[in-house]
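# Overview (structure and organization)
Chain by chain, the residues:
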Amino acid sequence: MRGAIQPGARRVRHLLALLAALLLTVGGSTAAAHGSTTRTFSPQVTHTGTGPTGYQVTFRYRDPQATRVQIKGEWYFANPYELSALSSPEGGTVETPGTTPAHWRPGDIPIAYPNSPAANWPVVDMKRGAGGVWTYTTPLPSGVFTYSFYVDCADATQTGCTAHSDPANPPWNEHNGKATGTVEATSQVYVPADPAFDSVNYAWQGPSRTHGTLTHVTYRSPTSLTPPGENYLSVYTPPGYDPHRAQPYPTLYLFSGDGTEMDWSTQGDAGNILDHLISTGQIQPMVVVMPNTAGYPDSTNYASFDANLLNTLVPYVGSHYHVSTDPTRRAAAGLGYGASLTNSLLFEHTSAFGSYGAMSPGLRGNYTLPTALTAQQTAALRQVDIFVGGGWQDPSHYYHASEIALLNRAAVPVTPGFVNGGHNWFAWRLDLKDFLTRTAFFPQAAG
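Treat the numbers as computed from the prediction; the structure is a model and nothing was measured.

### A look at the sheet that holds strand S4 (residues 69-73)
Here four strands make up an open sheet; going across it, the order is S7-S4-S10-S13 and the pairing antiparallel. Pairing within the sheet leaves two strands with one partner each, and these edge strands are strand S7 (123-125) and strand S13 (187-191). Neighbour-to-neighbour, the strand axes of this sheet turn through a mean angle of 35°, independent of strand direction. Across five bridges, S4 lies against strand S10 (residues 143-151) in antiparallel orientation. Directly across from Gly 73, in S10, lies its bridge partner Tyr 147.

Given below as structure tokens:
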């Protein structure tokens, strides 16, 4: 069992699975006609034309020596209007039914069971087939779904077990089994929509015809403790990025929760979302900087993160990318703990950015909002554009609402961005699109 396998052995097993998956990979059609497949390697997305969604996905993992392989996927569902409460008081949980994909109905959204900040998604056993290829097939509606594998995990709650990404569909920073920067233990699959089954079309989350570039960067960060003296970035540059164009690019600094520089570009699907919004003219081309939010010594008062961002990271980006030095052409946004980081900048360093997006602030390590705004704070806040969003069914929704109420009392304009969703990536992908198309880099609010 996994508890008896040494870390080195686990790594070897994962590399062997990667090699096997590469041998299984076959190129295929991208058509979406009845009975065709959009990807014939793992995961295999098939248009069935049958209920409940019109599509099914087959996942594969090859390990002939494994005695058990499980898959954890972002696919519990619920009808948001049938939940027991829209938001629990003071960060508890929202009771959800844990509806499985086979029982999905139009209007259902992905939401954990129970719904809380924890990633309470189903873990199911895969079926062993010929050659030690383990498979799992499930219907899924349109959208992006995150998944990972557990091999020979004996614990019912996966305690002490290590999740793996899909060797045939690895994160973009992993090549030949070796990751640059943080190892991301998840993979993602995009499923198209079949209008015959009333599945919402999330094509703007899928692959685009034009692509920007994701790059992993290590930069010097004197106040970082993990890793010491340096830290990581994922940087998105837009399609056709021109380091010599006449007008410098705007910059979005996008923060994850208690996570890494890889979260937004994998689980958050930021690259595909940006590609679509830029190619369709809904937003202007921009550079997006996604820092590792971990590693600083004061995770509750934010001073070290703010100082590193403003004094080290912003100048670093300015010297390595063709971006504007005008603060009104910079935006800061984040989710969860990253939203608290955004709020720290919003209320403590207001003029450093022109747009702010706080998605699901509150709960763990939350920034303490002021009880009232001073005249000086109010004047500064009226000069920037503010978005506060999150899921209606997020346990921290009470906190989102309190931030909007604080700004409203001071007559500070704020754009609310609430969607049906929990404290999960489904809601934050929607929030990212809303923030970019409704708030970021818009003309400054009137004073």
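The rest of the description comes next.
### Considering the state of the cysteines
For the structure shown, the criterion picks out one disulfide. Between the sulfur atoms of Cys 153 and its disulfide mate Cys 161 the distance is 2.1 Å. Across the S-S bond linking Cys 153 and Cys 161, the dihedral sits near 85°, which makes this disulfide right-handed. In this structure Cys 153 comes out as buried when scored by relative accessible area, which is 1%.

### Quick word on the sheet that holds strand S15 (residues 228-237)
Pairing within the open sheet is mixed, and its eight strands lie in the order S14-S15-S17-S16-S18-S19-S20-S21. Each edge of the open sheet carries a strand with a single partner, namely strand S14 (213-225) and strand S21 (415-419). If you compare each strand with its neighbour and ignore which way they point, the axes differ by 20° on average. Against the sheet, helix H2 (residues 270-279) touches S15 and strand S17 (287-291), its axis set at about 35° to S15.

### Topic: the nonpolar core
Judged by nonpolar contacts, the single largest core of 42 residues is most densely connected at Tyr 253, Leu 309, Phe 347 and Ile 386. Those elements giving two or more residues to this core turn out to be S14, S15, strand S16 (251-255), S17, helix H3 (303-320), helix H4 (337-348), strand S20 (385-391) and helix H6 (397-409). Looking at this core element by element, the count peaks at six residues for H3. Residue contacts for Phe 347: discarding those within four places in its chain leaves Tyr 367, Leu 369, Pro 370, Leu 373, Gln 377, Leu 381, Glu 403, Leu 406 and Leu 407. Counting 32 residues, the second largest nonpolar core, distinct from the first, contains Tyr 202, Ile 278, Met 286 and Phe 441.

### Comments concerning the pairing of S16
Counting buried positions along S16 gives five out of five residues, so the element sits mostly inside the fold. Residues of S16 alternate between two faces, with Thr 251, Tyr 253 and Phe 255 on one and Leu 252 and Leu 254 on the opposite face, all of them buried. Here three bridges tie S16 to S17, and the two strands are oriented parallel to one another. Following the sheet pairing, Thr 251 is matched in S17 by Val 287. Each parallel crossover has a hand, and the one from S16 via H2 to S17 is right-handed. The pairing of S16 with strand S18 (residues 330-335) spans five bridges and is classified as parallel.

### Description of helix H7 (residues 425-438)
Here H7 spans 19 Å end to end across 14 residues, near enough to the 20 Å set by a 1.5 Å rise per residue. For H7, a buried count of 11 out of 14 residues is recorded, marking the element as mostly surrounded by other parts of the structure. Every buried residue of H7 is accounted for by Trp 425, Phe 426, Ala 427, Trp 428, Arg 429, Leu 430, Asp 431, Leu 432, Asp 434, Phe 435 and Leu 436.

The rules we used
Residues numbered from 1 in each chain as written. Predicted model: local features only at pLDDT ≥ 70, side-chain atom pairs only at ≥ 80, totals over all residues. Heavy atoms only, no water. Pairing = 2+ DSSP bridges. Helix = DSSP H or I, 4+ residues; strand = E, 2+ residues; numbered from the N terminus. Axes fitted to C-alpha atoms, helices over the stretch in contact; angles between N-to-C directions. Disulfide = S-S within 2.5 Å. Buried < 20%, exposed > 50% of the residue type's maximum accessible area, 1.4 Å probe, protein only. Contact = heavy atoms within 4.5 Å. Core = buried A, V, L, I, M, F, W, Y, C linked by side-chain atoms within 4.5 Å. Right-handed = clockwise from strand over helix to strand, strands pointing away. Expected span 1.5 Å × (residues − 1).

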